[in-house]
Amino acid sequence: IADGSAKGVYASHVLEHLSYEDCLTALRNTYAMLEPGGLFRLIVPDLQERARRYLHDVGEGSAEASSVFMRTAHLGRAKPPKSWLDLLRMFIGGTDHLWMWDEASMTEQLRAAGFVDIRRCECGDSGDPMFAMVENVTRFVDPGLNMTELALSARKPGALKGMGS
């Protein structure tokens with residue numbers, strides 16, 4: 001995608017599958033591809049929410065608190081791969097979470113990449129019909145876990161040529 005050519009970029013549950021360094025590269029590349037005023041919306045699992053729930057469960061005496069945290073954060077492995085196919089999926093499948101983010105850490109990295117107007121967002125609040133076409137409330141809140149995810153909106157500085165096309 002040519003630099004300065006995109007009006008918007010949407011990344012839902014993608015960035016947590018990248019290493020820390022690769023995520024920072026992805027943020028810089030996203031910034032580069034956006035035109036001035038372009039909008040970037042992202043959703044990742046909220047590390048702070050999971051940590052808060054973990055500490056609550058520990059405080060309640062739950063012996064399963066650590067296991068619940070690891071499963072809800074999609075960290076670690078509950079069992080080893082049993083076949084070559086399992087090993088292949090593990091190494092190239094991209095399903096593991098390699099880095100977790102909270103609002104403060106992701107906001108800081110967005111700022112470092114050059115983004116402005118960084119804010120927590122909700123499904124459908126962008127005002128852009130193109131984002132409305134792809135956003136789904138279950139990406140913002142995990143109904144199975146009853147857990148809010150980290151959803152942020154950020155802009156590349158400058159005047160926007162017009163959204164929705």
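Please read these numbers as outputs of a predicted model, since none were measured by experiment.

### Considering the overall build of the protein chain
Secondary structure summary: the protein chain contains seven helices and six strands in total. Listing each helix as α and each strand as β along the protein chain from the N terminus yields β-α-β-α-α-α-α-β-α-α-β-β-β. Across its three principal directions, the C-alpha atoms of the protein chain cover 55 × 40 × 30 Å. The buried share of the protein chain, taken over its 165 residues, is 33%. Counting contacts in the protein chain only where the partners sit at least 6 residues apart, residues at least 24 apart contribute 80% of the total. Put simply, the protein chain shows about 9,500 Å² of open surface, and 56% of that area lies on carbon and sulfur atoms. The distance from the centre of the 18 positive side-chain charges to the centre of the 22 negative ones in the protein chain is 4 Å.

### Overview of the sheet that holds strand 3 (residues 116-120)
Pairing within the open sheet is mixed, and its four strands lie in the order 1-2-6-3. Of all strands in the sheet, those with a lone pairing partner are strand 1 (6-12) and strand 3, marking the two edges. Neighbour-to-neighbour, the strand axes of this sheet turn through a mean angle of 10°, independent of strand direction. As defined by bridge partners, strand 2 (residues 34-44) adjoins strand 6 (residues 150-155) across six bridges and the pair is classed as antiparallel. Bridging from a neighbouring strand, Leu39 pairs with Arg155 of strand 6. With respect to the sheet, helix 1 (residues 20-33) is in contact with strand 1 and strand 2, its orientation differing from that of strand 2 by roughly 145°. On top of the sheet, helix 5 (residues 103-113) reaches strand 2, strand 3 and strand 6; it is set at about 20° to strand 6, its chief contact.

### With respect to the packing of helix 2 (residues 47-59) against helix 3 (residues 65-72)
Remark: helix 2 packs on helix 3, axes separated minimally by 9 Å, with the N-to-C direction vectors making an angle of 165°. Classified by the angle their axes make, helix 2 and helix 3 are roughly antiparallel. As helix 2 runs across helix 3, the sense of the crossing is right-handed. Mapping the contact onto sequence places Leu47, Arg50, Ala51, Tyr54, Asp57 and Val58 in helix 2 and Ala65, Ser66, Val68, Phe69 and Thr72 in helix 3. Residues of the contact of helix 2 with helix 3, tallied by class, amount to seven nonpolar, two polar and two charged.

### A closer look at empty space enclosed by the protein
Gaps between atoms show up when a probe of the same size as a water molecule is rolled over them. According to the stated counting rule, one finds one cavity of 30 Å³ or more in the structure shown. Its volume calculated, the largest cavity comes out at about 40 Å³. Forming the walls of the largest cavity are Arg50, Arg53, Tyr54, Asp57, Ala65, Val68, Phe69, Thr72 and Met147. Secondary-structure elements contributing two or more residues to the lining of the largest cavity are helix 2 and helix 3. When grouped by side-chain class, the residues that make up the lining of the largest cavity number five nonpolar, one polar and three charged.

The rules behind each value
Residues take numbers from 1 onward in each chain, read along the sequence in its written order. Where totals are concerned, whole chains, interfaces and linings use all residues; where local detail is concerned, this predicted model gives features only for residues with pLDDT of at least 70, and gives and counts side-chain atom pairs only at 80 or more. Where side-chain values are given, they derive from all heavy atoms of the structure, hydrogens and water being excluded. The numbering of helices and of strands both runs from the N terminus, where a helix is a DSSP run of H or I of at least 4 residues and a strand a run of E of at least 2. Using a 1.4 Å probe on the protein chains alone, a residue whose accessible area is under 20% of its type maximum counts as buried, one over 50% counts as exposed, and one in between counts as partly exposed. Whether two residues are in contact is decided by their heavy atoms, any of which lying within 4.5 Å being enough. Here the open area of atoms and residues is found with the Shrake-Rupley method and a 1.4 Å probe, where only the protein chains shown may cover a residue. Positive charge is attributed to Lys and Arg, negative charge to Asp and Glu, and no charge count is given to His or to the chain ends. In this description, the location of a charge corresponds to atom NZ of lysine, CZ of arginine, CG of aspartate or CD of glutamate. Pairing between two strands requires that DSSP report at least two bridges joining them. Interaxial angle, 0 to 180 degrees, is taken between N-to-C directions of lines fitted to C-alpha atoms, where a helix line uses only the stretch in contact. Each angle receives one of four descriptions, namely roughly parallel if under 35 degrees, roughly antiparallel if over 145, roughly perpendicular if within 65 to 115, and oblique otherwise. Left-handed is the label given to a crossing in which the near helix is rotated counterclockwise from the far helix by less than a right angle, and right-handed is the label when the rotation is clockwise. Residue polarity is assigned by list, with Asp, Glu, Lys and Arg as charged and Ala, Val, Leu, Ile, Met, Phe, Trp, Tyr, Cys and Pro as nonpolar; anything else, Gly included, falls into the polar class. Grid points spaced at 1 Å over the protein atoms alone were grouped into cavities, where a 1.4 Å probe fits but cannot get out, and pockets, open sets with protein on both sides within 12 Å along at least five of seven lines, with lining residues defined by an atom within 4 Å of a point. Grid points are joined across faces, edges and corners, and a volume is the space filled by probe spheres set on the points.

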